[in-house]
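Here is how the chains run, residue by residue.
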Amino acid sequence: MWAEAVSALAMFWLLFCLFVAFAASESINYEPTLNPKKTYEYKYVGMVNIGRDMPDLAESGIKLQCTFKITGVSMQTFLLGVSNVAFEEFNGLPGESSFRPAPNLTKHLAAELTRPFTFEYTKGQVSDIKAAPEVSNTIVNIVRGILGFLHVTIKTTHQAYELFEAGIHGVCQSSYAIEENATAEELYVTQVVDIANCQQKVAIYDGMALAEENKISKERGKNVVATVKYAYTVKSTGSGGLITKASAHERHHFSPFNVKGGTSKLQATRHIVLLKEMETVGKPVTGQVRSKGDLMYQVVKGLGPMPILMIDLTTPLPKIIDLIKHLAQDNIHQLNGATSARVLNLIQLLRATTQEDLELLWKQLSTNNEHRRWFLDTVVEVTDERVLKFLLNRFKATDISANEAGQTLLLAFSHLSAKLELVEMAKEFLTLPFSKSNILLWNTVVLSYGSLVYRACPRVNPCPVVIVQPLLDMATNGLAKGISGEMVLALKALGNAGHLLSIKTIMKFLPGFSVKADTLPINVQSAAVQALRHLAIRDPHNVQDIALTIFAQRTIPAKIRMLASIILLETKPPVAVISLVTELLLHEMDLQVSSFVYSRLRGLAMSRTPDNHYLSTSCNIAVKILAQKLGRLSYRYSQALRLDWFHDDLLTGASGEFFILRNGTDAIPTSIISKGRLYFIGRILQLVELGVHAEGLHDLFKDRNGKEFGAIDVATIMRIVSKWQSLPKDKPLLSVYARVFGQEVSFVDLNQNVIQKILKSVSIMSSKENKVWNIIQNLQKGISWHWTKSFLTFETRFIQPTCLGLPAEFSKYYISLTAITVNAKAEINPPPKEQLHELTTADIFLETGGFAGSAKDFIAFHGISTDLFQCGAQLNSKVIMSVPWKIGFKKNTKENNYEINLAPPKKDTELLTVDFNIYAVSRNIEDPSLTKMTPMTPVRKDSEESLSMETEDNDDSIDDEEKSTAIYHPKLKYCAEASVYGMAMCTELEVQRVHYLKEYPLYYLLGYTHFTFQIQPVKTVKPVEKIRIRICGGHHKHPAEHSQLMVTTHKTNKDSKGMLSSSQENQQGLEITPDPVLTVEVLALGPSRKPQGYKSAAYYTPSTHVDDIELIISEVGEEANWKICADANIDKIQSGAKAHFKWGAECQTYEVAVKVCTVGRTGPKPSITTELNWGSVPVFIQMVGHRIGEYLPGVSYVMGFYQKHETNSEQQVSATLSSTQEGFDVKVKIPELTIYRHGISPPFEFMGIESNMSQIIN
């Protein structure tokens, strides 16, 4: 019994212990929860600072503080109440400046933040945030940043775990680590969010749709890196875990280059601590609230205000009208570069208007030409349905000219937000009669619509066919009717659109895929091939098959095959495709095709841009295989020339390509195409592409196949071109197109109708009906013309949220303002009465004055930007070019001379100004007086010490970055005076940089730059009234001193040993003292002074064997004897040339002679030899020559030249270039040294030009 009792007692005790342990384990619960019967009070501090995080550099920042209470409304619904709001701003040097209150903005924020907010909360997850309807999106996002501290997922069964979860940055990967303090019953949680790895990322990229992303380019480096770390202290309570402390630390590193080379840093921190918890008294009041979404950051519609300015957007209409009037007035008589950036203010105000406001503005501004133009140029930046409705109204009312409509629509469509609903609305322009009233306007409408489709498609997948259907229908209808113009326009628009579902339609126009396509005009086939250019990126596999099929068919015209090869290589084909192309080229019979594709492969083989990283390798192999067959083809064949560059530290590069397409043995190319690309931060932007197709011109010259173009004289060329009327009316003589950022914006077909209109307009035999006649008549009365154009070239914005609910933004703006004013009046004696031809025998005096100028503003911003406040780093760059003039032009028919009179400068006139600086900026909408822009590199007393701050102290306690800093602050000024004319040209440069030598290349941008180029007046003994330039042509007696000088000069050629000598035939010609073919004099004139300046005379004495050209420049003035004498002889028989230069007092002080001759032009080793001889030369030329002599041995050694020290002529340098089967032989002789090298690769091999010296010499 006793034993059983003991056993039962032991069992009871064990069960009791297990029960207690189980109860204890149940009481330690860390799952985040809130008790609906309690109220929790927390203190919140959120801070952001933006800068370089370097010593002595200005920063900006903001601080938001408050206390808030969370009160239960129901089991899962809680009320947030905010109080004690304080907002402060920082702008200055850390350690010297401090945060300053912004009282008015604090009141504004408090008024909105103290309204009731509710949210759902369960198991550590925040959802369904609600607020009053009138609460702004900015305030709700700040509340999201506050409530984010509650949002945490805790798994006590793991010490480390990962998961994707929703947060303020989106649905991103979170990595957790937990540590328990069992004694304090607290859990310490660390959470790191990888915002680069999100299933649904909250980030906005705007303005970069035409700059395609490239995966390989991105792998070269990053320009943005962001890290987010959260820390939580969770206290176990009876009902779950209570978050008593929470902090967040977020860092954004941004650079316009590679982040490895220094960055601008944005740091956001958030600290929340529990002050107390209490039982809830009374029932909380929530008021009328509606859902604002979950914890994920919400973007405002239309991106919100520009981050680079902050203006009051209430009542925008009067402000817009006033601003347009001021801008127009400021730029009529001169370019006011100081106010050019105010165009951005105008754009911001226009974006705050309603549709009705735009109509009212049009009614008030359209009656004044200046105001009308300013309005149309800037309303295009209202990038939503408002601008479409406004333009539709203008097209329907036809109260806008075709020229105005074309310019406005092109820019409006280019900057329009490419949403599907807006594309659908834009379709209506394709149906309006006004759109088709002018051929250039119609082309612009169709091409611009295609561009809009291109930008809309990346936003949706798949892109609906309905938006491209009008263009597909246009192409199909043109094919059915056989109208080549309609087909070409539709295909060009489809090329702009790059819609994946347009391939089948395009194939109907491609030879080899359709029987009907084989008979289409070559310009239609060409347009169809080029319509694949964007699809080569979006659907490379299908386009590869199409392009390769066209290229492989030898029955297809050579031009189409070459264009197909361009598209094929744009798809970045794999090694297998390049191998197939190589095999086809080995058996290709058309040398034009072979030469073109081979030269393109050779250019790509040497490419250094990231997008061609793999392609260049396969092309390199192909070139080696093809070199023996195609490596020596002449430049007379079709060529593809390429140059490119890329720098990993800058993450920036550029490439340029130039294509020359020929057919058969014709001298005239059938097509010439040039294009350029810019590579930056993982994207590729196609810059400008220009193309000329010359099938019509080619047909005119087809009878001269194989003949040297250089052998045709000018008269023969003009006679051939004059036969343009023999071409079919629908076949253009020339077709020219232009593409900007990969989108074709315009094209012109120069056909019979266009040529006839041009000839009729400019023909001097035309009568009074000619348009030029009216211009001449108005010119005699006096005309005044003014034109301005403001243009927002690009606006790019990248926005992503921070843990505080504030948007971190990097944005770039580039705006151009151009203004031209011309005033002119002409006197014509006798005035024309019937025909323009009468002007050729009339004396004309024309006076004109005015200016032409352009201001370019580039502004970049990195920081926090909301509609209430902004803080960050801002780069301001301004370039102003302005050329004023006042000129008198006189034509004297009898004397056969032309005279130009210029007024000398009366005051300093800046022709070019460049200003550049980076600022720490702070702005808020409620306290405009607190706006502050502090230069990031403030001027200090010791800033004049160039590089003197670079310390040599090896004390380890000094920060490495601080030791590697240096201030560089040079000030330079240089003037080149032309005192005889009373003027000087001056340049000034001031630069301030703080160098962080570890941070190449960012420090190049970090600082102040000011550069000017200006014309300044110079005081003279006697005033200069005007500067006269007189040009005389024809056979007039030249001045006696020039005749004597010519004879003297030629005698000295003859008598000097080692110098050039003239032939007897040429000497006899000189004895006749020929008249100059051209004389020019530039003289300063005044009422009480004799003319001073310079005059020159050019002489040309042709003969059977030698042509002689002479130029004499002499100084004009009292006791002036300075002259330049230049004599050149061209030997027609020996294929050589000689030139002799003498200058100084009577051309006797200094002399230099140059001789070029060819040897063995028809032999196996033709060569060119150049000799430079000199007598006495100025000291600075001697110094330059000495420097070259010092550097030449080292440079030539690096380049692989052999050297031989030997005694050569003391005052002679010679160079010989010889052609061999292996390449080139080069020998250069200077005094005491000869350098040489054999078998050099052709210098133009990378451009595909043959290295055959005999062809170059011939």
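Residues numbered from 1 in each chain as written. Predicted model: local features only at pLDDT ≥ 70, side-chain atom pairs only at ≥ 80, totals over all residues. Heavy atoms only, no water.

**Q** Would you take a moment to explain the state of the cysteines for this structure?
**A** Note: disulfide means a covalent bond formed between the sulfur atoms of two cysteine side chains. Inspection of every chain in the model, using the stated rule, returns four disulfides. Shown here is the disulfide that connects Cys457 with Cys463, its sulfur atoms set 2.2 Å apart. In this structure, the disulfide formed by Cys457 and Cys463 twists by about -70° around the S-S bond and is classed as left-handed. Counting only the cysteines that form disulfides, in the order they appear in the protein, gives the pairing 1-2, 3-4, 5-6, 7-8. (Disulfide = S-S within 2.5 Å.)

**Q** Which parts of the structure should I look at to understand empty space enclosed by the protein?
**A** Unoccupied space between atoms shows up once a probe the size of one water molecule is rolled over them. Scanning all chains against the criterion turns up nine cavities of 30 Å³ or more. The volume enclosed by the largest cavity comes to roughly 190 Å³. Around the largest cavity, the lining is made up of 19 residues, and of these Gly167, Ile168, Gln191, Val193 and Tyr230 lie nearest the centre. Of all elements in the fold, only helix 3 (137-147), strand 7 (160-167), strand 8 (170-181), strand 9 (186-201) and strand 12 (224-236) reach the threshold of two or more residues within the lining of the largest cavity. Class assignment of the residues belonging to the lining of the largest cavity gives a composition of eight nonpolar, eight polar and three charged. (1 Å grid on protein atoms, 1.4 Å probe; cavity = no way out; pocket = protein on both sides within 12 Å on 5 of 7 lines; lining within 4 Å. Points joined across faces, edges and corners; volume = space filled by probe spheres on them. Helix = DSSP H or I, 4+ residues; strand = E, 2+ residues; numbered from the N terminus. Nonpolar A, V, L, I, M, F, W, Y, C, P; charged D, E, K, R; others polar.)

**Q** How should the environment of Ile178 be read in this particular structure?
**A** Secondary-structure assignment places Ile178 in strand 8. Given a relative accessible area of 12%, Ile178 falls into the buried group. Placed 18 residues apart in sequence, Ile178 and Ala160 show a C-alpha to C-alpha distance of 6.5 Å. Those residues within four positions of Ile178 in sequence are excluded, and the remaining contacts are Lys155, Thr156, His158, Gln159, Tyr161, Leu187, Tyr188 and Val189. (Buried < 20%, exposed > 50% of the residue type's maximum accessible area, 1.4 Å probe, protein only. Contact = heavy atoms within 4.5 Å.)

**Q** I keep staring at the environment of Ile684 and nothing clicks. Help me out?
**A** Relative to the helices and strands, Ile684 is located in strand 19 (residues 683-693). For Ile684, a relative accessible area of 3% gives the class buried. Note: C-alpha distance between Ile684 and Ala654 (30 residues apart in sequence) is 9.2 Å. Those residues in contact with Ile684 that lie beyond four places of it in its chain are Leu210, Ala211, Glu212, Asn214, Asp611, Arg677, Leu678 and Tyr679.

**Q** Would you mind showing me how to read the packing of helix 20 (residues 575-586) against helix 22 (residues 613-630) here?
**A** How two helices sit against one another is set out by the angle between their axes and by the gap between those axes. Interhelical geometry of helix 20 versus helix 22 gives an angle of 10° and a closest axis separation of 9 Å. Judged on the interaxial angle alone, helix 22 and helix 20 are roughly parallel. In this structure, the crossing between helix 20 and helix 22 has a hand that is right-handed. Across the interface between the two elements, Val575, Ile578, Thr582, Leu585 and Leu586 of helix 20 pack against Leu615, Ser618, Cys619, Ala622, Ile625, Leu626, Lys629 and Leu630 of helix 22. Tallied by class, the residues present in the contact of helix 20 with helix 22 amount to 10 nonpolar, two polar and one charged. (Axes fitted to C-alpha atoms, helices over the stretch in contact; angles between N-to-C directions. Parallel < 35°, antiparallel > 145°, perpendicular 65-115°, else oblique. Left-handed = near helix turned anticlockwise from the far one by under 90°.)

**Q** Before we go on, may I ask you to explain a nonpolar patch on the surface in this structure?
**A** The grouping of Val1077, Leu1078, Tyr1100, Ile1109 and Ile1130 at the surface amounts to a nonpolar patch, some 390 Å² of accessible area in total. Mapped onto the fold, Ile1130 is located in strand 37 (residues 1122-1131). (Patch = residues over 30% accessible without salt bridge, like charges linked within 9 Å, V, L, I, M, F, W, Y side chains within 5 Å. Areas by Shrake-Rupley, 256 points an atom, 1.4 Å probe, with all protein chains shown as cover. Salt bridge = Lys/Arg side-chain N within 4 Å of Asp/Glu carboxyl O.)

**Q** When you look at the nonpolar core in this model, what are you seeing that I'm missing?
**A** One broad rule of soluble globular proteins: the nonpolar side chains tend to lie buried together. Grouped together as the largest cluster of nonpolar side chains are 139 residues, with contacts concentrated most on Phe375, Phe429 and Leu601. Beyond its immediate sequence surroundings of up to four residues, Phe429 is in contact with Leu388, Leu391, Leu392, Phe395, Leu409, Phe413, Ser435 and Val445. (Core = buried A, V, L, I, M, F, W, Y, C linked by side-chain atoms within 4.5 Å.)

**Q** What is the right way to read the pattern of salt bridges from this model?
**A** Pairing between side chains of opposite charge can happen when the charged atoms of each approach one another. The full count for this structure, using the stated rule, is 40 salt bridges. Between Glu428 and Lys396 there is a salt bridge; the shortest N-O distance is 2.9 Å. With Glu428 in the loop between helix 11 (420-426) and helix 12 (439-456) and Lys396 in helix 9 (residues 385-397), the pair connects residues that are 32 residues apart, well separated along the chain. Judged by relative accessible area, which is 29%, Glu428 ranks as partly exposed. Here Asp644 and Arg642 are joined by a salt bridge, their closest N and O atoms 2.9 Å apart. Residue class for Arg642 comes out buried when judged on its relative accessible area of 8%. One salt-bridge network, held together by shared partners, links Glu570, Arg600, Arg642, Asp644, Glu657 and Arg677.

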